Amino acid sequence: MAMLNSATYLTLPLLRPGRHLTQDMYVIYGLEPMLESPNYEIATVMMNRLREILMFHIMNINLRNKVERELRFMFVNDFIFMMLAFVTELVGGFKNTMLQLPFSFSAVFINCYFGQRLIDASTAFEIAI
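Residues numbered from 1 in each chain as written. Predicted model: local features only at pLDDT ≥ 70, side-chain atom pairs only at ≥ 80, totals over all residues. Heavy atoms only, no water.

Along its length, the protein carries three helices and zero strands. Evaluated residue by residue, the protein yields a buried proportion of 15% over its 129 residues. For the protein, the exposed area adds up to about 10,600 Å²; of that, 71% sits on carbon and sulfur atoms. (Helix = DSSP H or I, 4+ residues; strand = E, 2+ residues; numbered from the N terminus. Buried < 20%, exposed > 50% of the residue type's maximum accessible area, 1.4 Å probe, protein only. Areas by Shrake-Rupley, 256 points an atom, 1.4 Å probe, with all protein chains shown as cover.)

Spelled out as structure tokens, the structure:
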């Protein structure tokens, strides 16, 4: 299937009248002159691939925003319960505090760690695009 797609992308510019990129304002560096074979075919395939990546990225952003809107209530509840857990552990006495506080700190650490990893991955993907 992949071979058929690549063959279609490579032969499609040869069958069209006029050999122009769909948008000439995007110049893929290293493939100059852009309108001569095989640079034209390679540039066309690369532009199609970039469009697919861009559409996938937009879909991911929309999905993340939708999930965030749906789960915002849960995030607020998680924060409230974590604060209540800290207060009750600190009020509960020294012996109970020393037993329960590490669990709460580890829960906060896990939330912060995975949140930061998600932010770093998003930044790396943004830079790559």
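Judged by side-chain polarity, Leu63, Val67, Leu71, Phe73, Met74 and Phe75 come together as a nonpolar surface patch covering roughly 620 Å² of accessible area. Looking at the secondary structure, you find Leu63 in helix α2 (residues 39–91). (Patch = residues over 30% accessible without salt bridge, like charges linked within 9 Å, V, L, I, M, F, W, Y side chains within 5 Å. Salt bridge = Lys/Arg side-chain N within 4 Å of Asp/Glu carboxyl O.)

Given two aromatic rings, their pairing is described by the distance between the two centres and the angle made by the two planes. Counting across every chain of the model gives three aromatic pairs. For the pair Phe86 and Phe105, a centre-to-centre distance of 5.4 Å together with 45° between the ring planes defines the contact as tilted. Here Phe86, found in helix α2, pairs with Phe105, found in helix α3 (residues 94–128); they are 19 residues apart in sequence, far enough to count as distant. A relative accessible area of 16% means that Phe86 is categorised as buried. Ring plane angle 20° and centroid distance 5.9 Å describe the contact between Phe109 and Tyr113, whose orientation is recorded as stacked. Of this pair, Phe109 and Tyr113 both sit in helix α3, separated by four residues, roughly a single helical turn. Relative accessible area serves as the criterion here: at 38%, Tyr113 is assigned to the partly exposed category. (Phe/Tyr/Trp six-rings, centres within 6.5 Å; stacked < 30°, edge-to-face > 60°.)

As a further point, take the environment of Ser122. Note that Ser122 resides in helix α3. Separated by 61 residues in sequence, Ser122 and Ile61 have C-alpha atoms that sit 9.8 Å apart.

Let us look at α3. The end-to-end C-alpha separation of α3 is 50 Å, in line with the 51 Å expected for 35 residues at 1.5 Å each. When we look at burial in α3, the residues that qualify are Thr97, Leu101 and Ser104. Those residues of α3 that are buried lie in contact with α2. (Expected span 1.5 Å × (residues − 1). Contact = heavy atoms within 4.5 Å.)

One way to put it is that α2 packs onto α3 with a least axis distance of 12 Å and a crossing angle of 160°. Comparing the axis directions of α2 and α3 gives the class roughly antiparallel. You can see that α2 and α3 cross each other, and the crossing is left-handed. Where α2 abuts α3, its residues His57, Asp78, Met82, Ala85, Phe86, Glu89 and Leu90 lie against Thr97, Gln100, Leu101, Ser104, Phe105, Ala107, Val108, Asn111 and Phe125. Across the contact of α2 with α3, the residue classes tally to nine nonpolar, five polar and two charged. (Axes fitted to C-alpha atoms, helices over the stretch in contact; angles between N-to-C directions. Parallel < 35°, antiparallel > 145°, perpendicular 65-115°, else oblique. Left-handed = near helix turned anticlockwise from the far one by under 90°. Nonpolar A, V, L, I, M, F, W, Y, C, P; charged D, E, K, R; others polar.)

In this structure, the largest pocket occupies an estimated 530 Å³ of space. Looking at the lining of the largest pocket, the elements with two or more residues in it are α2 and α3. Looking at the lining of the largest pocket element by element, the count peaks at nine residues for α3. A class-by-class count of the residues in the lining of the largest pocket yields eleven nonpolar, three polar and three charged. (1 Å grid on protein atoms, 1.4 Å probe; cavity = no way out; pocket = protein on both sides within 12 Å on 5 of 7 lines; lining within 4 Å. Points joined across faces, edges and corners; volume = space filled by probe spheres on them.)

Function cannot be inferred from these measures alone, as they are strictly geometric.
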